[in-house]
Amino acid sequence: MKRALFVGFWLLLLGVALADRPAWMTSAETITPTDLQAHLEFIASDALEGRDTPSRGLDLAGMYIVSHLKRWGLKPGGENGTYYQTLTIRTDRVNLESSVVRIGEQTFRYGEGFVARAVPLSLTAQPVYVGYGWTNHAQSIDPYKGLDVRDKVLVVLGGFPRPVAQLGLERAEAEGWISPEENALRRGARAILRIDPVLMERLDRQSRMWARRRVVEELERDEPAIPVLIPSRKLLDALCQGEEVGAEELVQRVQSGEAGEPFAFRANKRLQIELAVETTREYARNVIAIVEGRDPALKNEYVVVGAHLDHVGIGTPRQPGEDVIFNGADDDGSGTVALLEMAEAFAHGARPRRSVLFIWHVGEEKGLWGSRLFTEKPTVPLQNIIAQVNIDMIGRSRSPGDQNPRNADLSAPDEIYVIGPKLASPELGKILEQVNHQYLRLHLNPRYDDPNDPERLYYRSDHYSYARKGIPVIFFFSGLHEDYHRPSDHVDKIDFEKMAKVTRTVFGLVWTLAEQETRPARVKVAQ
Ligand SMILES: [Zn+2]
């Protein structure tokens, strides 16, 4: 009797304690250092060869994630009822052997005679000189006046006319300046030959870079591209042979900034251009999954949680046996497995009112490809995304005796950098502070949450693609270190205790955001 009373008393106390404790904390506790480590030992293993975009290692990493999502019963959030959203990566390469320019009897080969962007072209046309080729209607600046440039090749000076250089490109275009590329398109010219005295001197070294062009087809704008060629001095000499204005004069015009009068080259002068381009296509896939909210109406709104699955692949060894696999355990293996643990916790625990969408982006290291694709072609309505939470590198901390200056900016074991609240989304910052205060009380460091941050970290990871669409974002980051973008970004350097604390805190933030009455205000779009 006494004893029963005693137990009852403790149960009552426990009940009070549990009632005080938000339900999500129980779910958050399923995120453990051991589980994070188990996942990361696979994701950051040599077997995945640095998860370059595109690569077999990256595909395998995606399959690993998907197999877990399926087991835990998360809903596919990608295309056509799958967990995937595909990026088509197209590589256009100039065929160096069959790409030539001919003027009269002279033939110029790609590399030594000229370089050009990898846009296919086959034409014979008369050249027309149009100075810088920029126009401004309001200021009556029109070097095309009285010239017929349809089906012709524009010969232009490299660089910009003085007013454009002074205004900067963006403002110049806003003030009605139109570029030679745009003019060529509007007036039916077929190609541009740009005189660039600096490039001219080092065409050989430039040719490999110019000969290869890589684009994500889904993100490519539909407008046709105008082929731009940079001639060698010899090609320019041949072009100007027998003309009133010589090659040297044109080169000097670039240097002096005095464009001189536009003119058509002699009526019998012909440029024959053959640019042969070979195209290959490869694929990489964002992984997307959804945990549906419990509220029948609010479940159509989403909190998006993201990380990037990819890293930078394999380097070239300088000596035999050198480790050249960039494992990316911290970057962004840490975010990748943090998301996986959060997905499991959401799938098995109490659900908030709104839905949570998990996305593992690919191609982040190439220029935010995966997040750009998702925000351009979202698989859920963009206006229904109430916030985006990004985790990119949360695995490292500065150990007490570490004197290495390259580790000086790493956060401490109980500390994490938070970027976004001050720059764009104060409401997310407030909720994070509340969650953190009632839970693990990490030191939230706003050091990089600053428009004058010299590292410009706000612009360097996937959350930025979302911020550009007006979505409130918040970014978690433990700091740059000696192994950043090196083969030594290994799993044995990860502080899993800290990672678990940060992941649990982010889990609490996401849960609370998905649960709360109102959604945070949209952010002002900083381009
Ligand atoms: Zn990263």
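Values in this document were obtained by computation on a predicted structure and should not be read as measured data.

A description of the overall build of the protein chain should follow, citing residues and the corresponding values.
Along its length, the protein chain carries 17 helices and 22 strands. In terms of overall dimensions, the protein chain has a C-alpha envelope of 115 × 60 × 50 Å along the principal axes. Pairs at least 24 apart in sequence give 83% of the contacts found in the protein chain among residues at least 6 apart. Of the roughly 24,600 Å² of accessible surface on the protein chain, a fraction of 50% belongs to carbon and sulfur atoms. Placing the 65 positive and 73 negative side-chain charges of the protein chain at their respective mean positions leaves the two points 2 Å apart.

Can you lay out the pattern of salt bridges for me, pointing to particular residues and giving the numbers?
Counted under the stated rule, the structure contains 30 salt bridges. Close ionic contact of Arg171 with Glu175 constitutes a salt bridge, the shortest N to O distance being 3.5 Å. Note that Lys469 and Glu376 form a salt bridge whose closest N and O atoms lie 3.0 Å from each other. Of this pair, Lys469 sits in the loop between helix 16 (463-467) and strand 22 (473-477) while Glu376 sits in helix 14 (residues 369-376), placing them 93 residues apart in sequence. Note on Lys469: relative accessible area 28%, which makes it partly exposed. On the accessibility criterion, Glu376 (46% relative accessible area) is partly exposed. Within the structure, one salt-bridge network assembled from shared partners comprises Arg90, Asp92, Arg213, Glu217, Glu220 and Arg281.

Go over the environment of Ile359 with me, naming the residues and quoting the values.
With respect to the element layout, Ile359 can be found in strand 18 (residues 355-361). Ile359 sits 31 residues away from Asn390 along the chain, and the two C-alpha atoms are 9.7 Å apart. The residues contacting Ile359, other than those within four sequence positions of it, are Asn286, Val287, Ile288, Val304, Val305, Gly306, Ala307, Leu339, Phe374 and Tyr466.

Go over the sheet that holds strand 9 (residues 153-157), please, and point to the residues and values.
Pairing is mixed in the open sheet, where six strands are placed in the order 5-13-11-9-7-14. Taken across any chain shown, the strands that pair with only one partner, and hence form the sheet edges, are strand 5 (114-116) and strand 14 (263-264). When strand 9 meets strand 11 (residues 191-195), the two strands line up parallel, connected through five bridges. Pairing of Leu157 across the sheet is with Ile195, part of strand 11. Against the sheet, helix 7 (residues 180-187) touches strand 9, strand 11 and strand 13 (228-231), its axis set at about 150° to strand 11.

I'd like a description of the domain arrangement of the protein chain, backed by residues and values.
Splitting the protein chain by domain gives domain 1 (24-91 + 281-515) and domain 2 (96-275). Relative to domain 2, the C-alpha centre of domain 1 lies at a distance of 44 Å. Listed as interface residues are 16 residues of domain 1 and, on the opposing side, nine residues of domain 2. When the two sides are added together, the surface that domain 1 and domain 2 hide from each other amounts to roughly 1,100 Å², 48% of it contributed by carbon and sulfur. The largest contributions to the domain 1 side of the interface with domain 2 come from Thr88, Arg90 and Thr91, which together make up 48% of the buried area. Linking domain 1 with domain 2 are four salt bridges, by the criterion used here. Of the charged contacts, one joins Arg90 and Glu217 as a salt bridge, the two residues approaching to 3.2 Å between their closest N and O atoms. At the junction of domain 1 and domain 2, the tally comes to nine residue pairs in polar contact (both at pLDDT 80 or more). For the side of domain 1 that touches domain 2, the elements supplying multiple residues, two or more each, are strand 2 (84-94), strand 16 (277-291) and helix 14. Of the residues forming the side of domain 1 that touches domain 2, the biggest block, six residues, is contributed by strand 2. Across the side of domain 1 that touches domain 2, the residue classes break down as five nonpolar, four polar and seven charged.

Any details on the pairing of strand 15 (residues 271-275)? Residues and values, ideally.
Only one face of strand 15 is covered, namely the face carrying Leu271, Ile273 and Leu275; the face carrying Gln272 and Glu274 is uncovered. As paired strands, strand 3 (residues 100-103) and strand 15 are joined by three bridges and run antiparallel to one another. What sits directly across from Val100, in strand 15, is Glu274. Relative to strand 15, strand 6 (residues 121-125) is paired through five bridges, and the arrangement is antiparallel.

An account of the coordination of the zinc ion is requested, with residue identities and associated values reported.
The zinc ion binds to the protein through His308 (NE2), Asp331 (OD), Asp392 (OD) and Asp392 (OD), with metal-donor distances spanning 2.0 to 2.5 Å. Here the zinc ion is ringed by four donor atoms whose angles at the metal span 55 to 150°, and the overall shape comes out irregular. In primary sequence terms, the donor set of the zinc ion follows H-x22-D-x60-D. Residue Asp331 is located in helix 12 (residues 329-348), and its partner Asp392 is located in the loop between strand 19 (385-391) and strand 20 (415-419); the two are separated by 61 residues in the primary sequence. Given the relative accessible area of 3%, Asp331 is considered buried.

Residue-level account of the packing of aromatic side chains, with values.
In total, this model carries 17 aromatic pairs according to the counting rule given. With a centroid separation of 5.0 Å and 40° between ring planes, the pair formed by Phe263 and Phe265 is classed as tilted. Each member of the pair, Phe263 as well as Phe265, is classed as buried. Through a chain of ring-to-ring contacts, the aromatic side chains of Phe346, Phe358, Trp360 and Phe507 assemble into a single cluster. The ring of Trp210 carries Arg117 above its face, with NZ or CZ at 4.1 Å from the centroid. The ring of Tyr84 is capped by Arg285, whose NZ or CZ atom sits 3.6 Å from the centre of that ring.

What counts, and where the lines are drawn
Residues numbered from 1 in each chain as written. Predicted model: local features only at pLDDT ≥ 70, side-chain atom pairs only at ≥ 80, totals over all residues. Heavy atoms only, no water. Helix = DSSP H or I, 4+ residues; strand = E, 2+ residues; numbered from the N terminus. Contact = heavy atoms within 4.5 Å. Areas by Shrake-Rupley, 256 points an atom, 1.4 Å probe, with all protein chains shown as cover. Lys, Arg positive; Asp, Glu negative; His and termini not counted. Charge placed at Lys NZ, Arg CZ, Asp CG, Glu CD. Salt bridge = Lys/Arg side-chain N within 4 Å of Asp/Glu carboxyl O. Buried < 20%, exposed > 50% of the residue type's maximum accessible area, 1.4 Å probe, protein only. Pairing = 2+ DSSP bridges. Axes fitted to C-alpha atoms, helices over the stretch in contact; angles between N-to-C directions. Domains from an automatic or database assignment. Buried area = accessible area lost by both parts, 1.4 Å probe. Polar contact = N/O pair within 3.5 Å; in protein donor to acceptor, adjacent residues only side chain to side chain. Nonpolar A, V, L, I, M, F, W, Y, C, P; charged D, E, K, R; others polar. Donors = N, O, S within 2.8 Å, 3.2 Å for Na, K, Ca; no water. Tetrahedral: all angles 85-135°; square planar, octahedral: opposite > 155°, others 65-115°. Phe/Tyr/Trp six-rings, centres within 6.5 Å; stacked < 30°, edge-to-face > 60°. Lys NZ or Arg CZ within 6 Å of the ring centre and 35° of its normal.

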